[in-house]
Amino acid sequence: SSFQVTLMPEEAEDMWHTYNLLQIGDSLMASTIRKVQTESSTGSVGSSRVRTTLCLCVDTIDFDSQACQLRVKGTNIQENQYVKMGAYHTIELELNRKFTLAKKIWDSVVLDRIEQACDPTQKADVAAVVMQEGLANLVLVTPAMTLLRAKVEVTIPRKRRGSCTQHEKALDRFYEAVMQGILRHINFDVVKCILVASPGFVKDQFMAYLFREAVRQDSKILLENRPKFMLVHSSSGHKYSLKEILCDPAVTARLSDTKAAGEVKALEDFYKMLQHEPDRAFYGLAHVEKASEALAIDILLISDKLFRHQDVATRSRYVRLVDNVRDNGGTVRIFSSLHVSGEQLTQLSGVAAILRFPIADLSEPEDDSTSDED
């Protein structure tokens, strides 16, 4: 008696969502390619590739976060003209092809994930161009992950005494390439804000170039979206500078309605609380569960990595924690392990909480209030 859902991944991020939905033991039905041995009437044996729909009992799940590809290996559990029952097969899920997922247990975390994945307003609403002279990284920040969309590298010769032409020509080539990247990869209908970040004046010079060109080429799309561009300082043009940009107060104010910024802020609030009122900032599963039992949790910070635990008992312990906090009026923020903030939370064991009221340090021996220790 298992309930099933049919989904269709439309973009890279949906593969990440699917990866977080799948568990060993689920059954997955999807279209796939299978190599089949054929024998002709003359008795010669050849092999051909056929497309068929298989239903597998999931055994291994492999996600490549760079290519956003998801491969699922398992055994065949439905009669099929090409594949024997119980035979192994690996399905690579494809964009724009439906798949059907059946589970014995559908918990709140899985159902939330499906809802989030199907909500169009959740998509990439922030883009960032992190640059320094000769290097630019164009990144989309979606609610679930940070996606590198383009990397531009151009060698810029030094200024020579008496002549800067080589230097300036190279800079123009560089800016032109970054501009093309922006036009190619940023969907202005969805993106609410484009952060342009660099050390020094690179960002200002680039913006001057961008809008000079926009006027010259009469690029309606750039001119209409000019208010969405925001200049910020970063220490370099490398992708890891994104972390400091997203923590910049001017940026957090501007991005206050996006989920990624909400996670960054929750983590910052946790660290502040840990510093000033450590009795109201707990981390580690055992401590956080105690706080939850005391109905003390205001905000639960938890990494999605923990729900990919294949041991059912462990996973359901995390799900129970999430449900308890919600039932008691607390807020739950599920962090993506593909975001910088999620990586930081993982260093704190992946689960932390900001409490409504202080609870004395749990590592001290308590009086008779807990009887299970006798």
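All residue numbers refer to positions counted from 1 along the written sequence of the respective chain. Local features are withheld for residues below a pLDDT of 70 in this predicted model, meaning they are given only at 70 or higher, and side-chain atom pairs are given and counted only at 80 or more; totals for whole chains, interfaces and linings count all residues. As a rule here, side-chain values come from all non-hydrogen atoms in the structure, and water together with hydrogens is ignored.

A. The overall build of the chain, seen in detail. The helix and strand inventory of the chain stands at 11 helices and 15 strands. In terms of overall dimensions, the chain has C-alpha extents of about 85 × 75 × 35 Å along its principal axes. Split into buried and exposed, the 374 residues of the chain put 48% on the buried side. Contact definition: two residues touch when any of their heavy atoms are within 4.5 Å. In the chain, once contacts between residues fewer than 6 apart in sequence are set aside, the share between residues at least 24 apart is 68%. Each accessible area is a Shrake-Rupley result for a 1.4 Å probe, and residues are judged covered by the shown protein chains and nothing else. Accessible surface, the chain: about 19,700 Å² in total, of which carbon and sulfur atoms supply 50%. A residue counts as positive if it is Lys or Arg and as negative if it is Asp or Glu; His and the chain ends are not included. Each charge is placed at NZ for Lys, CZ for Arg, CG for Asp and CD for Glu. Within the chain, one finds 45 positive and 51 negative side-chain charges whose respective centroids are separated by 10 Å. Elements are defined by DSSP. Helices are runs of H or I of four residues or more, strands are runs of E of two residues or more, and each kind is numbered from the N terminus. We call a residue buried when its accessible area falls under 20% of the maximum for its residue type, exposed when it is over 50%, and partly exposed in between, using a 1.4 Å probe and counting protein chains only.

B. Focus on the sheet that holds strand S9 (residues 146–153). Whether two strands pair comes down to DSSP finding at least two bridges between them. If you trace the 5 strands from one edge of the open sheet to the other, you get S9-S8-S7-S10-S11, paired in mixed fashion. Sheet topology places S9 and strand S11 (229–233) at the edges, where each strand pairs with a single neighbour. Averaged over neighbouring strand pairs, the angle between their axes works out to 20° when direction is ignored. When strand S8 (residues 135–141) meets S9, the two strands line up antiparallel, connected through 7 bridges. What sits directly across from Val-139, in S9, is Leu-148. In this analysis, axes come from line fits to C-alpha atoms, helices being fitted only over the stretch in contact, and the angle between any two N-to-C directions falls in the range 0 to 180 degrees. Of the strands in this sheet, strand S7 (126–132), S8, S9 and S11 touch helix H3 (residues 165–185), which is tilted by about 15° from S8.

C. A look at H3. Here the expected length of a helix is defined as 1.5 Å per residue gap, with one fewer gap than residues. An ideal rise of 1.5 Å per residue puts 30 Å on 21 residues; H3 measures up with 30 Å between its terminal C-alpha atoms. Here H3 has its buried residues at His-167, Ala-170, Leu-171, Phe-174, Tyr-175, Val-178, Met-179, Gly-181 and Ile-182.

D. Local environment of the confidence of the model for the chain. Within the chain, residue pLDDT values average 88, and 92% of them lie at 70 or more. Below pLDDT 50 for its whole length, residues 365–374 participates in 0 contacts with residues either more than four positions away or in separate chains. The quantity known as pLDDT measures the predictor's confidence residue by residue, on a range of 0 to 100.

E. Here's a closer look at the state of the cysteines. Note on terminology: disulfide denotes any pair of cysteine sulfur atoms within 2.5 Å. One pass over the structure, following the stated rule, counts 0 disulfides. Between Cys-247, a cysteine without a disulfide, and Cys-193, which holds the nearest cysteine sulfur, the sulfur-to-sulfur distance is 15 Å.

F. Representation of the environment of His-17. Mapped onto the elements of the fold, His-17 is located in helix H1 (residues 12–21). Look at His-17 and you get buried, because its relative accessible area is 2%.

G. Region of interest: the pairing of strand S6 (residues 99–103). In terms of burial, S6 is a largely internal element, 5 of the 5 residues being buried. Going residue by residue along S6, you find Phe-99, Leu-101 and Lys-103 tucked away on one face and Thr-100 and Ala-102 tucked away on the opposite face as well. In this sheet, S6 lies alongside strand S1 (residues 3–7) in antiparallel orientation, the contact comprising 5 bridges. For Val-5, the partnering residue across the bridge sits in S6 and is Leu-101. With 4 bridges connecting them, strand S2 (residues 27–39) and S6 associate as antiparallel partners. Note on S6: the bridge partner recorded for Met-29 is Thr-100.

H. Looking closely at the pattern of salt bridges. The term salt bridge refers to a pairing of a side-chain nitrogen on Lys or Arg with a carboxyl oxygen on Asp or Glu at a separation within 4 Å. Under the criterion given, the structure shown has 15 salt bridges. Between Arg-71 and Glu-92 there is a salt bridge, with its nearest N and O atoms 3.2 Å apart. Separated by 21 residues along the polypeptide, Arg-71 in strand S4 (residues 69–76) and Glu-92 in strand S5 (residues 88–92) bring together distant segments of the chain. Assessed through its relative accessible area of 30%, Arg-71 is described here as partly exposed. The salt bridge involving Arg-317 is made with Glu-289; its shortest N-O contact spans 2.8 Å. Taken together, the positions of Arg-317 in helix H10 (residues 312–327) and Glu-289 in helix H9 (residues 285–293) put the pair 28 residues apart, joining distant regions of the chain. Under the relative-accessibility criterion, Arg-317 is labelled partly exposed at 34%.

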